[in-house]
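# Secondary and tertiary structure notes
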Amino acid sequence: MTNIEQQILALREQLNNYNYHYYVLSQPLISDFEFDKLLAELQQLEKENPQFFDPNSPTQRVGSDINQNFTQVKHQYPMLSLGNTYNEAEVADFYNRVAKALNAPFEIVCELKYDGTSISLIYENGELVRAVTRGDGEKGDDVTANVRTIRTIPLTLNTSTHRLTESPNHPCIEIPDKFEIRGEILMPWKVFEDLNKEREAQEEPLFANPRNAASGTIKLQNPSEVAKRKLDAYLYYMLGENLPANTHSGCLQAASAYGFKISDAVKVCKTLQEVMDYIKYWDTERKNLPVATDGIVLKVNDLTQQKNLGYTAKSPRWAIAYKFQAEKALTTLLSVSYQVGRTGAITPVANLVPVQLSGTVVKRASLHNADIIEGLDLHIGDKVYVEKGGEIIPKITGVEASIRDLFAEKVQFITHCPECGTALVRDEGEAAHYCPNEAHCPPQIKGKMVHFVSRKAMNIDGLGEETIDLLYRNGLARNIADLYSLKLIDLSLLERMGEKSGRRILKSLESSKQVPFARVLFALGIRYVGETVAKRLSAKLKSMEALMQASVEELMSIDEIGESIAQSLVAYFAQEENKKLIADLQEIGLQMAVDEQMQVAGSEALKGKTIVISGTFTQHSRDELKALIELHGGKNTGSISKNTSFILAGENMGPAKAEKAAQLGVPMLSEQEFLSLIEQNNV
Ligand code: IVH
């Protein structure tokens, strides 16, 4: 082994150990600064010595940014679900069934039922080799690249004795050569709330609960995006031929020593009473946990007893889930009000007689849309059930129609916008009603301004929702263009705004004149024109002028632009107000076309080519290579198929990819060959 290799291995082990103490044990051993320094040192060494690349190195936690397509993998042991129970009597039935079938003493392990998305992890020789989603139970998606970014999942297991002696309560147990461990990937409440706040600001749809957010995240195509989402994982089930113990609790204890995050709430119970006490305790205590739980899982502890009990077609006979009751409250519906969103979508909201629910007072509940109201057959004054479930906003789940007042008035969905009086429209196949008065309906105008100044759009510092509301109410800004006529005196006179903040806003508005065309287009807030669509349109049509002249057919001929986007664009540019707004923004000096320099640098050298990037590179980062492919008219994709034109192959390309390329006869170009190819065409 060379000196460099030894150094790399030692650094990896050291960093793995620090990670374990920080994320799994929540007991950091060194400061973030010292950690980052060591990590940077390892990154440098790995960059200089790409022959020692390892996908399980702690440097790989940030995830690659190439898109991936998931391959389906068959589970060695099918991933079954658990039978559910909902009350103590059903739990007692399970306990007695087990007692009768075993006819011998037994223990029950009680655990929390974590409410996320289940995952199966395969380890070989102490290394994570594969991570697969549950899928249909028989086969799932290979999401290894995404799972590698989850800090609480060990990529390399604790083997060195020094690490085991640091946790004296862990027995020193040999790690099986090959085993599977299952658990739950979770998005902690705090991360979930922050993510939804950010999505709200970006006008992206919100996740209903942390479970959806976790399962959505683990299926993202770009691992570096997954890395940003700060997922967590608890492991609860070990499978394999040579397990470290003959009890479930023993296996979990061993797994904890290997470096997995095992819940502290696992308890071995010897009697039914202990099980009941556990359920009772956690039914309230779970509300203080940083992650969502939806019940308790009971498992027979002894693995031989588990085997003897066996399985039904769907679930094990040796385990069962107890589901917590979703908390419900009964209250009275006072009225329904209607909110107008920034895109004009109307959301009905129920106003209720205030009622206590899971520690907070609930006064309002979402009613979603007209169909939900109709489905509930809602009347004013109805006694309604509100539930929180996993969702942030409570919802009405039922009506006590039996105690309804005979003359109660049925809730009728409004026909006109409550803010501007315009008749509402409902597009075919859509659940929501819209106010079509985009240009003059106050919440829509304000919403458009908020979107315009947001980070991913024009990124105007210091202008938030409240300030925009003040500017609008004081008549200082009635549309986006007005923002650029603001004077320091206007801003300083607003409530809670000093001269310094005013100056900052003006400076930021001035620098927004350099924001590239694609972002200006996104910032306009045209329906269905999100970030990606705006980039695509800007790359193809190059200027606002060309975009405004394009017909629905022309727009639809662009890759990834469908009919609704095309129609929305044409409708937007047909409106006089919008044409005037764009003319004003042009006059102000915003970028209305792709930057000249970029156009010169680009070419059509890779037109019609589909290129896969694989391996590590020396002259450019993957991001840069990806940008170069796009700049020269090519398309970057994640997986090799017969349509791949060539592979841009760096060092250490994975053996599976190399084999597939050879099989399909797809050529490979080195970084240098690729660069010469685009240069030649550029002269
Ligand atoms: S054990 C064969 N333990 O609940 C039994 N499952 O309906 C395997 N879950 O798909 C599961 N917390 O996603 C087990 N402590 C826990 C759990 C748990 C959550 C989920 C898991 C599984 C579902 C069962």
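Before reading on, note that the structure itself is shown above.
Conventions used here
Residues numbered from 1 in each chain as written. Predicted model: local features only at pLDDT ≥ 70, side-chain atom pairs only at ≥ 80, totals over all residues. Heavy atoms only, no water. Helix = DSSP H or I, 4+ residues; strand = E, 2+ residues; numbered from the N terminus. Rg over C-alpha atoms; globule rule 2.2 N^0.38 Å. Buried < 20%, exposed > 50% of the residue type's maximum accessible area, 1.4 Å probe, protein only. Near = heavy atom within 4 Å. Polar contact = N/O pair within 3.5 Å; in protein donor to acceptor, adjacent residues only side chain to side chain. Areas by Shrake-Rupley, 256 points an atom, 1.4 Å probe, with all protein chains shown as cover. Nonpolar A, V, L, I, M, F, W, Y, C, P; charged D, E, K, R; others polar. Pairing = 2+ DSSP bridges. Contact = heavy atoms within 4.5 Å. Axes fitted to C-alpha atoms, helices over the stretch in contact; angles between N-to-C directions. Parallel < 35°, antiparallel > 145°, perpendicular 65-115°, else oblique. Phe/Tyr/Trp six-rings, centres within 6.5 Å; stacked < 30°, edge-to-face > 60°.

## Examining the overall build of the chain
A tally of helices and strands in the chain yields 26 helices and 20 strands. For 683 residues, the compact-globule estimate of 2.2 N^0.38 gives 26 Å, and the chain sits close to it at 29 Å. Dimensions of the chain, computed from the C-alpha atoms along their principal axes, are close to 85 × 80 × 50 Å. Taking all 683 residues of the chain together, 46% fall into the buried category.

## Structural notes on the site of the ligand
Of all residues adjacent to the ligand, which total 13 residues, the nearest are Glu 111, Tyr 114, Glu 184, Tyr 236 and Lys 299. At 3.3 Å, a side-chain N or O of Lys 113 approaches an oxygen atom of the ligand. One nitrogen or oxygen atom from the side chain of Ser 118 is found 3.4 Å from an oxygen atom belonging to the ligand. When the free accessible area of the ligand is taken as 530 Å², the share hidden by the protein chains comes to 91%. Secondary structure elements with two or more residues in the shell around the ligand: β3 (108–114), β8 (232–239) and β10 (293–300). The leading source of residues in the shell around the ligand is β3, at four residues. The residue makeup of the shell around the ligand, split by class, is seven nonpolar, two polar and four charged.

## Concerning the sheet that holds strand β2 (residues 84–85)
In spatial order, the strands read β2-β11-β10-β3-β9; together these five strands make up an open sheet with mixed pairing. Of all strands in the sheet, those with a lone pairing partner are β2 and β9 (267–269), marking the two edges. Summarising the sheet, β2 and strand β11 (residues 319–323) pair through two bridges and their orientation is parallel. Counterpart to Thr 85 in the pairing with β11 is Tyr 322. Strands in contact with helix α3 (residues 88–102) are β2, β3, β10 and β11; relative to β11, the strand with the most contacts, it is inclined by about 170°. Running over the sheet, helix α10 (residues 272–285) touches β3, β9, β10 and β11 and is turned about 20° from β3.

## Description of the packing of helix α21 (residues 563–574) against helix α22 (residues 576–588)
One way to put it is that α21 packs onto α22 with a least axis distance of 5 Å and a crossing angle of 80°. One element, α21, and the other, α22, form an angle in the roughly perpendicular class. Two secondary-structure elements touch here, α21 through Tyr 572, Phe 573 and Ala 574 and α22 through Glu 576, Asn 578, Lys 579, Leu 581 and Ile 582. Residues belonging to the contact of α21 with α22 are distributed by class as follows: five nonpolar, one polar and two charged.

## Observations regarding the sheet that holds strand β19 (residues 646–649)
Hydrogen bonding along the main chain pairs the strands of a sheet, whether they run parallel or antiparallel. With respect to topology, four strands assemble into an open sheet ordered β18-β17-β19-β20, the strand pairing being parallel. Bordering the open sheet on either side are β18 (635–637) and β20 (668–669), each of which pairs with just one other strand. Relative to β20, β19 is paired through two bridges, and the arrangement is parallel. Its bridge partner being in β20, Leu 648 is matched across the sheet by Leu 669. Against the sheet, helix α24 (residues 622–631) touches β17 (610–614), β18 and β19, its axis set at about 170° to β17.

## Here we look at the side chain of Ser 543
Along the polypeptide, Ser 543 turns up in the loop between α18 (531–541) and α19 (544–549). Ignoring any residue separated from it by four or fewer positions in sequence, one finds Ser 543 in contact with Phe 517, Met 592 and Ala 593.

## A look at the packing of aromatic side chains
Applying the stated criterion across every chain, the model contains 17 aromatic pairs. Aromatic pair Tyr 322 and Phe 324: ring centres 6.2 Å apart, planes at 85°, arrangement edge-to-face. For Tyr 322, a relative accessible area of 7% translates into the label buried. Taken together, a centroid distance of 6.4 Å and an interplanar angle of 55° make the contact between Phe 646 and Phe 674 tilted. Here Phe 674 lies in helix α26 (residues 671–680) and Phe 646 lies in strand β19, a separation of 28 residues in the sequence.

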